[in-house]
Amino acid sequence: MAKIKKKIKTIKVDLDKCNGCRACEVICSAFHANPKYSSNNPARSRIRMIRDPMRDVYVPVYAGEYTAAECMGRDKYIIDGKEYDECGFCRAACPSRDAFKEPDSGLPLKCDMCEDDPPREKPLCVEWCLNDALIYEEREEEVDEEVKVEDVEIGLESMINKYGLQKVMDTVARISQKD
Ligand code: SF4
Ligand code: SF4
């Protein structure tokens, strides 16, 4: 199989530096507003703060893949004696919780690394984190070239499975009317 170069983008999270200010949520939701920067609502952010100041718990979590079914069990982490919430580090848009779902439509949200045209040098949450809790890195890796179904097709199929064709079509119609 032919090899291609793939750019891998990573955001490292330093929990010790995060103070739960939520600037990352604000800028992410503003960047993804329609029109861009017209509003901000952390509930629409692709990064969410799990915060519990009384226990000094601050965990920025990035929205990852949509999943149609919740896990059969729960995980819980204890790090340096500090106990984190169940599923606290999980990135999935999952039926067991409200995180990473568009509040009006219920459609799943996913971090797109602030895709823009022209491309941005750094994601906005990284730029806006004044505590340097979010660190952006890029590297190139050689990977097998795959013939794969378009990402958009996979996303649409999972949304139709979850919400039904009519709800997805209604949402697309409503969003396109805003443009
Ligand atoms: S990288 Fe961009 S899209 Fe992803 S959480 Fe940060 S601001 Fe949001
Ligand atoms: S902007 Fe930085 S310090 Fe503030 S909540 Fe987000 S990750 Fe934490």
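Worth saying up front: this structure is predicted, and the values here are computed from it rather than measured.

## Focus: the domain arrangement of the chain
Inference 1: According to the domain assignment, the chain consists of domain 1 (3-147) and domain 2 (151-179).
Inference 2: Averaged C-alpha coordinates put domain 1 and domain 2 at centres separated by 22 Å.
Inference 3: Across the contact, 6 residues belong to domain 1 and 8 residues belong to domain 2.
Inference 4: Along the lines of polarity and charge, the residues of the side of domain 1 that touches domain 2 split into 3 nonpolar, 3 polar and no charged.

## Here's the deal with the nonpolar core
Side chains of a nonpolar character, in soluble globular proteins, are inclined to be buried together.
Inference 1: Counting residues in hydrophobic clusters, the biggest one holds 27 residues, and the most contacted among them are C24, C28, I47, A93, C125 and L134.
Inference 2: For this core, the element with the most residues is helix α1 (residues 23-31), which contributes 4 residues.
Inference 3: When near neighbours in sequence (up to four residues on either side) are disregarded, C24 contacts I47, P60, C125, W128, C129 and L134.

## Comments concerning the environment of Y66
Inference 1: Looking at where Y66 falls in the secondary structure, it is placed in the loop between β3 (57-62) and β4 (78-79).
Inference 2: When the 20 C-beta atoms within 10 Å are taken as the criterion, Y66 is described as buried.
Inference 3: Measuring from C-alpha to C-alpha, the distance between Y66 and A93 comes to 4.6 Å, with 27 residues separating the pair along the chain.
Inference 4: Ignoring anything within four residues of it in the chain, the contact list for Y66 reads A93, P108 and S158.

## Looking at the site of ligand 1
Inference 1: Around ligand 1 lies a shell formed by C28, F31, R46, I47, Y62, C111, D112, M113, C114, P123, L124 and C125.
Inference 2: Broken down by secondary-structure element, the contributors of at least two residues to the shell around ligand 1 are α1 and α2 (124-128).
Inference 3: Taken together, the residues that form the shell around ligand 1 break down as 10 nonpolar, no polar and 2 charged.

Each value, and the rule that gives it
- Residues numbered from 1 in each chain as written.
- Chains lettered and ligands numbered in written order.
- Predicted model: local features only at pLDDT ≥ 70, side-chain atom pairs only at ≥ 80, totals over all residues.
- Domains from an automatic or database assignment.
- Contact = placed C-beta atoms within 7 Å.
- Nonpolar A, V, L, I, M, F, W, Y, C, P; charged D, E, K, R; others polar.
- Core = buried A, V, L, I, M, F, W, Y, C linked by C-beta atoms within 7 Å.
- Buried ≥ 20, exposed ≤ 12 C-beta atoms within 10 Å, placed from the backbone.
- Helix = DSSP H or I, 4+ residues; strand = E, 2+ residues; numbered from the N terminus.
- Near = placed C-beta within 6 Å.

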